[in-house]
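Residue-level structure breakdown
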Amino acid sequence: MIRRCDEELYHLTVLTAGCGIVSGSGSVPAQPFSAGQVHLVSSSEPYESRFWGTPDSGQKRPVVEGIGLDLPVSILPVPPHRVRRLVGRALPAEQGVGAILTTFLLALDRQMPALRPVDAARLGTVAVDLLATFVTRELDDEDVLPQETRLRTMLHEVRAFVRQHLHDPELTPSAIAAAHHVSLSYLHRNFTRESQGTTLAAFIRRQRLQKAYHDLMDPNLRALPIQVIAARCGIVQAPTFTRAFKAAYGISPSDHRHEATTQRSQPDGPRE
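Here is what the cut-offs are and how they apply
- Residues numbered from 1 in each chain as written.
- Predicted model: local features only at pLDDT ≥ 70, side-chain atom pairs only at ≥ 80, totals over all residues.
- Heavy atoms only, no water.
- Helix = DSSP H or I, 4+ residues; strand = E, 2+ residues; numbered from the N terminus.
- Buried < 20%, exposed > 50% of the residue type's maximum accessible area, 1.4 Å probe, protein only.
- Contact = heavy atoms within 4.5 Å.
- Areas by Shrake-Rupley, 256 points an atom, 1.4 Å probe, with all protein chains shown as cover.
- Expected span 1.5 Å × (residues − 1).
- Axes fitted to C-alpha atoms, helices over the stretch in contact; angles between N-to-C directions.
- Parallel < 35°, antiparallel > 145°, perpendicular 65-115°, else oblique.
- Nonpolar A, V, L, I, M, F, W, Y, C, P; charged D, E, K, R; others polar.
- Polar contact = N/O pair within 3.5 Å; in protein donor to acceptor, adjacent residues only side chain to side chain.
- Pairing = 2+ DSSP bridges.

Okay, the overall build of the protein chain next. In terms of helices and strands, the protein chain carries 11 helices and nine strands. Put simply, the protein chain has 272 residues, and 37% of those count as buried. Considering only residue pairs separated by 6 or more positions, the protein chain has 68% of its internal contacts joining residues 24 or more positions apart. Carbon and sulfur atoms make up 53% of the accessible area of the protein chain, which totals about 15800 Å².

Here we come to helix 8 (residues 200-217). Here helix 8 spans 26 Å end to end across 18 residues, near enough to the 26 Å set by a 1.5 Å rise per residue. Every buried residue belonging to helix 8 is among Leu200, Ala202, Phe203, Ile204, Gln207, Arg208, Leu209, Ala212, Asp215 and Leu216, and all of these are buried.

Running from amino to carboxyl end, helix 4 (residues 117-139) crosses helix 5 (residues 147-164) at an angle of 100°, the nearest separation of the two axes being 9 Å. With respect to their mutual orientation, helix 4 and helix 5 come out roughly perpendicular. Between helix 4, through Thr125, Val126, Asp129, Leu130, Ala132, Thr133 and Arg137, and helix 5, the contact on the second element is made entirely by Thr149, Arg152, Thr153, His156 and Glu157. Residue composition of the contact of helix 4 with helix 5, by class: three nonpolar, five polar and four charged.

Summarising the element assignment, Thr153 is placed in helix 5. Among the polar contacts listed, one links the side chain of Thr153 to the backbone oxygen of Thr149, at a separation of 2.9 Å. Beyond its immediate chain neighbours, meaning those up to four positions away, Thr153 contacts Asp129, Leu130 and Thr133.

Here we have four strands laid out as an open sheet, ordered 8-1-4-9, and antiparallel in their pairing. In this open sheet, the two strands that pair with only one neighbour each are strand 8 (65-72) and strand 9 (90-92). On average, adjacent strands in this sheet sit at an angle of 25° to one another, irrespective of strand direction. As defined by bridge partners, strand 1 (residues 9-17) adjoins strand 4 (residues 37-42) across five bridges and the pair is classed as antiparallel. Opposite Val14, over in strand 4, you have Val38 as the bridge partner. Across the sheet, helix 3 (residues 96-111) lies against strand 1, strand 4 and strand 8, angled at about 85° from strand 1, the strand it touches most.

Given below as structure tokens:
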């Protein structure tokens, strides 16, 4: 029956809560599948997946949650006979490209209602690139990927690296290039091209200021001095932070924090 109606799709499951047992065809034995892992199957091969819930944080009811991604076999730039080695297996995704892939899919799921068709198409390409890179790294066979796929994945890893290291004042384009084993000129040229003219230095600065903007609004961080907030975002010079923040948002950091505090303290209005 598969041969008569096969849609030739891969299906990726990202399990975020609960657990299960998965198995594929042939010699792939049944194995446990837990939150933080991913599971890849093909519509061309028989497989079995069984899931059951674990209590949620409130200990009220068992929960199984996850995200599924379907994509045509033809658009994944990895030969199907190579991918077959991973089909039906529970694959670790807690670090590296696996963690970036799952974080990206979770964010995509949350933002899907706000995306325009052109955004969805572009982000779909990112999802395919990340999955292709994850698969080939699991296979230790990245050479099969097209150069453009490897480049786009590297740039996505660079952006994730920046967000993870905003606290480090030594986070510079040179340090990022060294961490990703590419030349600074290669990174500059390709990052600027793929970011519609935004340089890597400008991206770092914007991410730092955005983090500071949100941290200054966080009531849990109210006791931290503004210069400490700035240092947590990698900007150690208070005057530099104040000038950059005001240039970006048209308001000083102290006034921004004051406005956020005032808005939280205002009553909701009369109640009937």
